[in-house]
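# Residue-level structure breakdown
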Amino acid sequence: MKDLTKGNIIKLLIAFSVPLLIGNIFQLLYNVVDTKVVGEILGKDALAALGASSPVYDLIICTLTGLGNGFGIVISQFYGAKEMNRMRQAVANAICLMAGITILATIGSFFLLRPLLHILNTPVDIFDRCIRYINIIIVFMIFTAAYNLCAAILRALGDTIRPLIFLAIASVLNAGLDILFVGGLKMDVQGAAFATVIAQAISFVCCVIYMIKKCPELHLKREDFHFEAKLIGNLLSQGMAMAFMLCFVTIGTLILQGAINKLGTNIIAAHTIARKLTSIFMLPFTTIGVAIATFSGQNCGAGRYDRIRTGIKDAIILTWAWSVIVVIAVYTAAPLLIRLISGATTPEVIENAEWYLRFDTPFYFVVCILLVLRNAMQGIGRKIIPMIASMIELLGKLIVAWVLAERMKYFGIIISEPATWILCALLLAVAFLTDSRFRKPVRTADKEMLN
């Protein structure tokens, strides 16, 4: 476990983020391997089915991830304040809340799936494949929720190494099962779904075994499951705020997918590939975001707002450095990257995916500010401003889907994200600069601890 309230901030952020980054790469490999195997073995239509399904899948994952991360913020605050009894009570309450919410979400998803895919204008020729893929994900959603919560708890205590190890094992297994189920057993897109959920279940089991054997501070007793209204309210408000924040973004993507689905199979496939690459490029941003949320949570519990302010600046510098590398890579090797990740050979697919990447990646410098500030504010308990920023992103995508995509076709989709990134980043920057807690001078003793 790692105490983030002491020591050099950049070193702490890097030490926390690198295992998390590698872990997220393995997590992303679930979808990337699915894309590669399905695209090469089953062809363009199956790849389009995965692409049309991905916003629904992302909505499920974002909800569960947001809940876990929000619960983790509360846990990290107690850990930073060294209130271990309260921390264990928060963990116990979080487990019960996550189980109940997941069961309700699983039941609701079965009723909403078909209407949602119809609303998204999912093409008739890939509709049944979408249903078969997502149904399997929904049935085994409990394993996804359980792993995300376990990983969030370990991260709240500063541990990113063990979740990485468990996820790496599961990712290798996922790749093997993809090839076996899709290629060997001819299970179509259902095979990719089964491979994913089995791997997630194994990640969860590994986390639980480690917590039981190696984390005495997480050994829960009956009295830890005491339900306290104030604590439950805090967990729910943080968890739902994070979930809504991510869901607003994902719902915007769902709305865009509805507009994209009107543009034909080639555009759907191109956008699927471009978004997969974008997910890879943005991994360092999201991992630094998670790191700064945990860092802010622990330091908020310890009353160290001066460290949070410095941590925000350091996190933006780190993410800007990665942005330079991404822009260079896209402008020198975009077609190669597109073919490597998808096996695509259709010129229209490659050209449109490249167009998306070349336009959007220069705006990553804005995304860095957006993600760092949004997660830092969540870490200190400011829930409203990040949610408003996410709502702005949702409204921006609504406008694109209803107006620009109709008039400008795929280019209207391409410009939607940079426009909303700029608006959201401006809002968060104003909120940060006007927060009195971040304008306090750093004490001499604190300066020594930063070095």
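Residues numbered from 1 in each chain as written. Predicted model: local features only at pLDDT ≥ 70, side-chain atom pairs only at ≥ 80, totals over all residues. Heavy atoms only, no water.

On to the overall build of the chain, then. Counting secondary structure elements, the chain contains 17 helices and zero strands. In terms of C-alpha radius of gyration, the chain reaches 21 Å, essentially the compact-globule figure of 22 Å for 451 residues. The dimensions of the chain, computed from C-alpha atoms along their principal axes, are 60 × 45 × 35 Å. Accessible area of the chain: about 18,000 Å², with a carbon and sulfur share of 70%. (Helix = DSSP H or I, 4+ residues; strand = E, 2+ residues; numbered from the N terminus. Rg over C-alpha atoms; globule rule 2.2 N^0.38 Å. Areas by Shrake-Rupley, 256 points an atom, 1.4 Å probe, with all protein chains shown as cover.)

Here the focus is the environment of Ala-15. On the secondary structure map, Ala-15 appears in helix H1 (residues 9-41). In this structure, the C-alpha to C-alpha distance between Ala-15 and Met-187, residues 172 residues apart in sequence, is 41 Å.

Our focus in this paragraph is the nonpolar core. In terms of nonpolar packing, the biggest core is built from 123 residues, with Leu-218 and Ile-312 touching the most fellow members. The element best represented in this core is helix H2 (residues 44-80), accounting for 16 residues. If we ignore the near neighbours within four places in the chain, the residues touching Leu-218 are Met-87, Val-91, Ile-153, Leu-154, Leu-157 and Met-211. (Core = buried A, V, L, I, M, F, W, Y, C linked by side-chain atoms within 4.5 Å. Buried < 20%, exposed > 50% of the residue type's maximum accessible area, 1.4 Å probe, protein only. Contact = heavy atoms within 4.5 Å.)

As a further point, take the state of the cysteines. For the structure shown, the criterion picks out zero disulfides. Left unpaired, Cys-96 is separated from the closest cysteine sulfur, that of Cys-150, by 13 Å. (Disulfide = S-S within 2.5 Å.)

This part covers the packing of H2 against helix H5 (residues 141-156). The interhelical angle for the contact between H2 and H5, taken along N-to-C directions, is 25 degrees, at an axis separation of 8 Å. Taken together, the axes of H2 and H5 are roughly parallel relative to one another. Where H2 crosses over H5, the two elements pack in a sense that is right-handed. Side by side, H2 and H5 meet where Ile-60, Ile-61, Leu-64, Thr-65, Gly-68, Asn-69, Phe-71, Gly-72, Ile-75, Ser-76 and Tyr-79 of the first sit next to Met-141, Thr-144, Ala-145, Asn-148, Leu-149, Ala-152, Ile-153, Arg-155 and Ala-156 of the second. Classifying every residue of the contact of H2 with H5 by side-chain character gives twelve nonpolar, seven polar and one charged. (Axes fitted to C-alpha atoms, helices over the stretch in contact; angles between N-to-C directions. Parallel < 35°, antiparallel > 145°, perpendicular 65-115°, else oblique. Left-handed = near helix turned anticlockwise from the far one by under 90°. Nonpolar A, V, L, I, M, F, W, Y, C, P; charged D, E, K, R; others polar.)

Let us look at the environment of Gly-379. Position of Gly-379 relative to the elements: it lies in helix H13 (residues 364-379). Take Gly-379: its relative accessible area is 0%, and that puts it in the buried class. Every residue in contact with Gly-379, bar those within four places of it in the chain, is listed here: Ile-73, Gln-77, Ala-293, Ser-296, Gly-297 and Cys-300.

This part takes up the pattern of salt bridges. Opposite charge on two side chains permits them to pair, given that their charged atoms come into close proximity. For the structure on display, the rule yields seven salt bridges. Measuring nitrogen to oxygen at the nearest pair gives 2.8 Å for the salt bridge that ties Arg-86 to Glu-228. Of this pair, Arg-86 sits in helix H3 (residues 84-119) while Glu-228 sits in the loop between helix H7 (188-214) and helix H8 (229-260), and the two are 142 residues apart along the sequence. In this structure Arg-86 comes out as partly exposed when scored by relative accessible area, which is 24%. A residue is classified by how much of its surface remains accessible, and Glu-228, at 23% relative accessible area, is partly exposed. Measuring nitrogen to oxygen at the nearest pair gives 3.1 Å for the salt bridge that ties Arg-304 to Asp-306. Overlapping salt bridges, with partners in common, bring together Arg-129, Arg-132 and Asp-188 in one network. (Salt bridge = Lys/Arg side-chain N within 4 Å of Asp/Glu carboxyl O.)

Glancing now at H3. Count 3.6 residues to each turn of an α-helix, and residues three or four apart come out pointing the same way. If you look at H3, its biggest bend is around 45 degrees, right at Leu-112, and the proline Pro-115 turns up within four residues after that. Phi turns positive one or two residues past the end of H3, at Asn-121, with a value near 60 degrees. (Bend = angle between axes of the 7 residues up to and from the residue.)

In this model, the chain carries an average pLDDT of 81, and 92% of its residues clear a pLDDT of 70 or more. Between residues 441-451, whose pLDDT stays under 50, and residues either more than four places distant or in other chains, the model counts 20 contacts. (pLDDT = per-residue confidence, 0-100.)

Time to look at the packing of aromatic side chains. Throughout the structure, instances matching the rule amount to eight aromatic pairs. Plain terms: the ring middles of Phe-140 and Phe-143 are 6.4 Å apart, the flat faces sit at 20 degrees to each other, and that makes the pair stacked. Take Phe-143: its relative accessible area is 28%, and that puts it in the partly exposed class. Of the aromatic side chains, those joined through ring pairs into one cluster are Trp-355, Phe-359, Phe-363 and Phe-411. For the cation-ring pair, Lys-82 lies above Tyr-79, with the distance from its terminal atom to the ring centre recorded as 5.9 Å. (Phe/Tyr/Trp six-rings, centres within 6.5 Å; stacked < 30°, edge-to-face > 60°. Lys NZ or Arg CZ within 6 Å of the ring centre and 35° of its normal.)

Before going further, it helps to spend a moment on the environment of Leu-427. On the secondary structure map, Leu-427 appears in helix H16 (residues 416-433). Separated by 35 residues in the primary sequence, Leu-427 and Ile-392 have C-alpha atoms spaced 9.6 Å apart. If sequence neighbours within four positions are ignored, Leu-427 has contacts with Ile-385, Ile-388, Ala-389 and Ile-392.

Although it is not a glycine, Lys-82 sits at a positive phi angle of roughly 60 degrees. One can find Lys-82 in the loop between H2 and H3. Under the relative-accessibility criterion, Lys-82 is labelled partly exposed at 46%. Phi angles above zero are rare outside glycine, and Lys-186 is one such case at about 55 degrees. Checked against the element boundaries, Lys-186 lands in the loop between helix H6 (161-184) and H7.

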